[in-house]
Each structure stands twice: as structure tokens, then as C-alpha cells.
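The primary structure of each chain is shown beneath.
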Amino acid sequence: MKTKRGVIEVQFNWIFVLIAGAIILLLFVIIVQRQSDVSEEKASIDIKTKFKTILVSAKQSTNTLFSLQMPKTEITYDCNGYSVKGTNPIVLGESFSPSVLKSVTRTLYLWSLDWSVPYKTANFQYIVSPDVRYIVDDSGDNATELYNLLPENITKEFVNLNQINIEEDLEDRNNYRVKFIFVDNEPDGISLPGFLKNMKNEDVTAIKIDIGDCEAQPNSIFDGCGNVSFYEKDDANFDKKGKYPYLKKESLLGAIFVDNNDTYECIMKRAMKKLEITTKVYYNRTSFLYEYFQDIERSNYCKERFEYFLGLKRLNSTITNSTEFLFKNVKDIYNEVYTRDINSLKSLNKELQRGSCPLIY
Amino acid sequence: MKNKKSQMELLGLAIVIVLIAMGILFIIRFSVLKEPSETKKKYTFSELASNTVSAMLIANSGEECKNINIRDLLIDCAEHFSSNGSIICEDGNKSCFYVREATRSIFNKTLDTWNRNYQLNVSTSSNTVLNSSRGSCLGERKSSLFFFETLEGTLFIRLDVCG
Amino acid sequence: MRRKSQIRMGESIAVMFVFFLLLVAGFIFYSKIERRNIIIEKEEADELKAIEIAQIVSFLPETQCIKENVQVYNCLDILKLEALKGVIEENRLYYYDLLQNSNITVKQIYPDSTSSWIIYNNSRNWTKKISTQIPVSLFNATGDPTAGDTGIDPYYAFGVMYVDVFI
């Protein structure tokens, strides 16, 4: 009698092949997937490490605009710092940037300026994408000066936003963010063109600059103090989100480049903290100089030593005022330093220089 | 026929093994033998020469030599090389002697301690005012060059820090 | 017949065994290489971190010499170093963001090596230390000759800033 052994053997062979093959395939798929995840995370960490090093170096080189080739990835930014693909944020201190950084040409611009009040306190860093569009309203006074304050390489333009046919002057250039800048004019009455209405609300923001009554520095009317109001698009109009002071043009530029009022407030509070700490150092230093020249043996070497005493009062006032980020505090700091006639910190320093004494700053 | 078939099979196997071996060789060359990049070494190396010389030249001698800085002492030494300098320091030594001792002391506590080879040369067109070195300088080197005008011509101050 | 199928089964199992052995061997080899590469990359990241901290410290406005509101490169103000004592301690959390686990000391080398200043000290449990030495000028404003002939202290000294970063 013939058995059916051959039939069973063939089928068993196929089943065996299928199971073994499936196991091997599954194994490889799991390995490949795991490797892909690990590689992606490794790449993100690598990008983050190198990006941080570049940002830290660039921050120390003030008054220089750098162009940086960014990786093909999106970088997010908030008060905690810059984050690359969800990795731990890079904390850079006083750094201003839109909340999302991306660029079709994979280019970013890095710019650093000294924030001096009046002594150098911090380096303010600005990181900007050329795909963010900055539109300065040219119907306000000083708009030209503001326009010239912005660096050349960014995407900026001058438009009269109060005219009726705004759609003709404002064409869609496929920017992922648009920022309007008004000087002394309200953004409320603006009728946004269609392409802007179709963008997400957080992608279209505005800022209104109110120049305060601080006696401005000779180089720029914006190098004083004032207020900035942040607006965000609310369908077809602008909705006010907050109002904060600015101190010197560096912080005003920061307000222009961030698109979130909370972020601006957070960074400026950090900057004010830095101002408080730096001023404490100058306070201790000035205190030493005052006592040093009070000594009867040295008193003849610096006859203007009483300026140190007045300087201590000014510095103490700055320390007290820098604990809160309010317009009246900012204005007081500015006046203590630059105005107040002969007793401002700047004037006291000049007197000490005239008397060949070591300077306060 | 059977011989040819098994020979072809063996050849195929051999080709596969050769390909795998080549792949492994590439991996070894580019992954295993990858050298760590000495980023920090390059960074500190690049600034060391210029930082050392610039800081040294403006350092004042304090009570040791009438508070005159090293640059001025070197200039004095260059201008009055034949008489070992015209400035007499507090200990009675002249500027040339003092400045050699001072630079030796500085390098002793810095580059020598950090095991850095270097070559310091201070000279005019006619005289070598100061020459100090440690070890050989055959490989990569970073230089810092300063020059000042003196009555005896241009004084060159060059420090080479060797990698 | 039975023998033949047993031999064939044995063959299949032997092939599978060798295959998996090769796979495992390949995996171990690959993971060893990757481990080495990751160690190298971590070392480079640690060095970059040390450079960042050295750069941040070199440009801190709280320590740098300032002349007519322009930072003087490679120069530390001694009076500021003295004034900094206590200020950094009071604001430790703020400075931790900048300087993390590191030790920053400045020592005067010439004309005398009696003075030193500890700017920042935060060294917790660490396995690795990366040291950087930066020669600097130390400026003492009370010895400034424009202030008249004090004859007390030299107004520029030669010093070294030691930046030790702990990983």
C-alpha cells in the first residue's frame, strides 16, 4: 500500500520555509526600524551639538552678520531655547528669533549686538530666516530710520499700509511668516490681503513701536526707551497680545524678530537679571575705588572721588529698577544712566576721566 | 556537465565572499580606523601664541623695574644692545638681563608647565635681543608676530608654539 | 528514505545554524564598531562643550576690561574679579546655565604670582576633566598711570585663566 508520506513531506517543507522566512524577515525589519530610529536621533543630537557651538561662537562676535547653512530640519524656539527635532533645548541666554526657523535655501542669518546700559551687559543675538518677511509701515514718522536699522540681508520691505489698495503692493511671496512693523501707528485699521487671511493666525504678527520720552542717543531715535505692543492676526484683523517696554535699540530689534510676546518678555526679564548682576559688579568695584581714594595718602591722586559716591547711588538705583520689567523702571534706568544732567552715570564718568581718575565703567 | 555546474556554484560562492570581504575592508577603513578629531587642541593651539605674547608685552614690571612694561624694556634693550640696555632696574640689573629673566620666568610657569614646545625670537635687523626655546618644532606651528619701531630699526617679536 | 529525509533536515538545520551564527557575529562586530564611534563622538561633544564654556568665560562682561565701552580683547579687570566675589554665589542658578559644571580660576603669573581668583566653582561627581589654559592680561585700574604716579601696583599683569570643565 502506498503511503501519503511524500505529500506530507512537501507541505511540511513549505510550512517550515514560510515560518523560518517570516521570522528572518521580521527580524530584519525590526533591526532596520531600530537602526533608523537610532540614526535619526544620533543625527539630531549631532546637529544640535554643532549648532550650539556655532551659535555660542557667533554670539561672542558682535556687530557681525553671519550666514549659516542649516540642516534640512525645522528648529523651534521659545523661552527655553532652540530645539532641534525635539531634543533638549539649547539655552543661549539673550537670543531672539521667530518661534519656528526654517528656510527653503537652508540659510539662517546670525547677528549679535552689544547691549550696553551704559556698560556692556550682554550680547543680544538674533537668528533670522530669509523666509520670514518683515513689512515696515512707511506712513509713520521715523519709519525710514527703522527700516535702515534692520540688517540688509533679511527680507524686508517698505509699504504704506494705510492705503486702500494694499493688495496691489502686498503680493504673496510664499513666506511662512509675515511680520508687520508700525511706528506710532495702530495696526487695527489694516485690511489684510487675501493670502494673509488664509495663513494661520500665529504666522502673521505685528508690532507697534511707541517711542518713549527718554532723551534719545545721538545715533538713533530708537536707541532710547519706549513701549512695544505685540499683535497677532485674528482672522482678518490684528488682536493685541501684550505691551512691554524696550530699553535701547538692541531690545527693540529683539521685539521685532520674536513673533511671540511671551518669549520677548521672558528673554527681556533674563536680560534685566543680567543687568542687575553686572551692575552689582560695577557697584562693588566703584565702592572699592571710592574707599581706595578716600584714604588720606591717595586722596590727592583723584580729586573727583566724590563722583564715585554719586555713581554708587546711580548704580544702586539701576540694581533696584532692574528687578522688574516695567516701563517706569526701564525709563528710570535710562535716565539714571544717560540724562539727569550732570549727575547721570555718563556725566560722572566723564568727570572722572577729566580728573584722570579710574573710571566707573 | 555536473562538474561544470558545481564549479559555477563554487565560483558564485567565491564572488560573494570576495564582495563581503571588500565590504568589510571598507567598514574597517572608514569606521574602525576613524581618528578622533582634536577640536579642543586645535582651538587652544590657535590662540595660545597670540594670547601669550600680547599679554606678556603689556605686563608691567612693577617694583622690580620701575613699573616699565616688557615691551618698553625690550625696545630699550634693542636700542642700547651694546651696553645691555640703558634702564637700570631696582636690583641693579639692566633691561636686557631683566627682560630675559622675566620672559624665562613667564614661560617657565606657562608653556613649559603645559609641555608645549615653542620658539621665541626677539630681534632687529642687526641684533638678536632675545632667543628662547623649548624642544623641537618640526610639526605644525602657530606663530604670533609683533613689531615695533625702535632707533635701531624694526624690532620683531615672534613666538612659535609647536603642535 | 527516512535516513535521506533526516539528512536533509539536518542539512537545513545546519545551514540555519551557520546563518544565524554569521548574523550574530556580524551584529556583534557592527555594535562594537558603533560603540567605538559613539565614544569618539561623545569625546568630541565633550571637547566642544569645553570650548563653548571657555569662549563664554573669555567674553563675560563681568570680568573683561572695558575701555571707552569697548571690550579689550584678552584682558581681565582685577577690580571686577574682586567685585565678582559673592555675586556669582548669590546668582548660582543663573550662572549654572552658562558655565555648568566647571571651575574657573585666574592666577597672576608676573610680576608676582601671589594673587589668584576663583570666579566660579561647581564640580560635582565627575568622570572626566577637560582643562583649558588661556594667557590673559590682568588690568588693575588703581595702578593706571593716567591716575597719577601711585607707584603702588603695576597696572597690567600677566596671568592665566584656567577653565576646567567636568563631564
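Residues numbered from 1 in each chain as written. Chains lettered and ligands numbered in written order. Predicted model: local features only at pLDDT ≥ 70, side-chain atom pairs only at ≥ 80, totals over all residues. Heavy atoms only, no water.

1. So, the confidence of the model for chain C
Line of reasoning, step 1. Confidence in the prediction for chain C averages 86 pLDDT; 93% of positions are at 70 or higher.
Line of reasoning, step 2. Interface confidence for the predicted complex, expressed as ipTM, amounts to 0.85; the pTM equals 0.87. (pLDDT = per-residue confidence, 0-100.)

2. Quick look at unusual backbone geometry
Line of reasoning, step 1. Residue Pro-118 of chain A follows Val-117 of chain A across a cis peptide bond; omega there is -20 degrees.
Line of reasoning, step 2. Relative to the helices and strands, Pro-118 of chain A resides in the loop between β6 (107-116) and β7 (120-128).
Line of reasoning, step 3. The amide bond that connects Tyr-110 of chain C to the next residue, Pro-111 of chain C, takes the cis arrangement and shows omega of 10 degrees.
Line of reasoning, step 4. You will see that Asp-235 of chain A, though not glycine, has its phi angle at about 60 degrees, which is positive.
Line of reasoning, step 5. With phi around 55 degrees, Asn-115 of chain B is a residue other than glycine that occupies positive phi space.
Line of reasoning, step 6. Examined against the element boundaries, Asn-115 of chain B turns out to sit in the loop between α4 (95-109) and β1 (118-123). (Helix = DSSP H or I, 4+ residues; strand = E, 2+ residues; numbered from the N terminus.)

3. So, the sheet that holds strand β3 (residues 102-110) of chain C
All names here are of chain C.
Line of reasoning, step 1. With respect to topology, 6 strands assemble into an open sheet ordered β1-β2-β5-β6-β3-β4, the strand pairing being mixed. Every interior strand has two partners, whereas the edge strands, β1 (64-67) and β4 (116-121), have only one. Adjacent strand axes in the sheet meet at a mean angle of 35 degrees, parallel and antiparallel pairs treated alike.
Line of reasoning, step 2. The pairing of β3 with β4 spans 5 bridges and is classified as antiparallel. Within β4, the position partnered with Asn-103 by the bridge is Asn-121.
Line of reasoning, step 3. Here helix α4 (residues 92-99) sits on the sheet in contact with β3 and β4, set at roughly 90 degrees to β4. (Pairing = 2+ DSSP bridges. Axes fitted to C-alpha atoms, helices over the stretch in contact; angles between N-to-C directions. Contact = heavy atoms within 4.5 Å.)

4. Side note on helix α3 (residues 70-79) of chain B
Line of reasoning, step 1. With 7 of its 10 residues buried, α3 of chain B lies for the most part within the structure.
Line of reasoning, step 2. Residues of α3 of chain B that are buried: Ile-70, Leu-73, Leu-74, Ile-75, Asp-76, Cys-77 and Ala-78 of chain B. (Buried < 20%, exposed > 50% of the residue type's maximum accessible area, 1.4 Å probe, protein only.)

5. Overview of the interface of chain C and chain A
Line of reasoning, step 1. The interface of chain C with chain A comprises 40 residues on the first partner and 42 residues on the second.
Line of reasoning, step 2. Counting each side, the surface lost to burial between chain C and chain A is near 3900 Å², with a carbon and sulfur contribution of 64%.
Line of reasoning, step 3. On inspection of chain C and its partner chain A, the count reaches 6 salt bridges.
Line of reasoning, step 4. Between Glu-34 of chain C and Lys-42 of chain A there is a salt bridge, and its shortest N-O distance comes to 3.5 Å.
Line of reasoning, step 5. If you look at where chain C meets chain A, you find 9 residue pairs in polar contact (both at pLDDT 80 or more).
Line of reasoning, step 6. Secondary structure elements with two or more residues in the side of chain C that touches chain A: α1 (2-58), β2 (70-77), α2 (78-83), α3 (87-90) and α4 of chain C. (Buried area = accessible area lost by both parts, 1.4 Å probe. Salt bridge = Lys/Arg side-chain N within 4 Å of Asp/Glu carboxyl O. Polar contact = N/O pair within 3.5 Å; in protein donor to acceptor, adjacent residues only side chain to side chain.)

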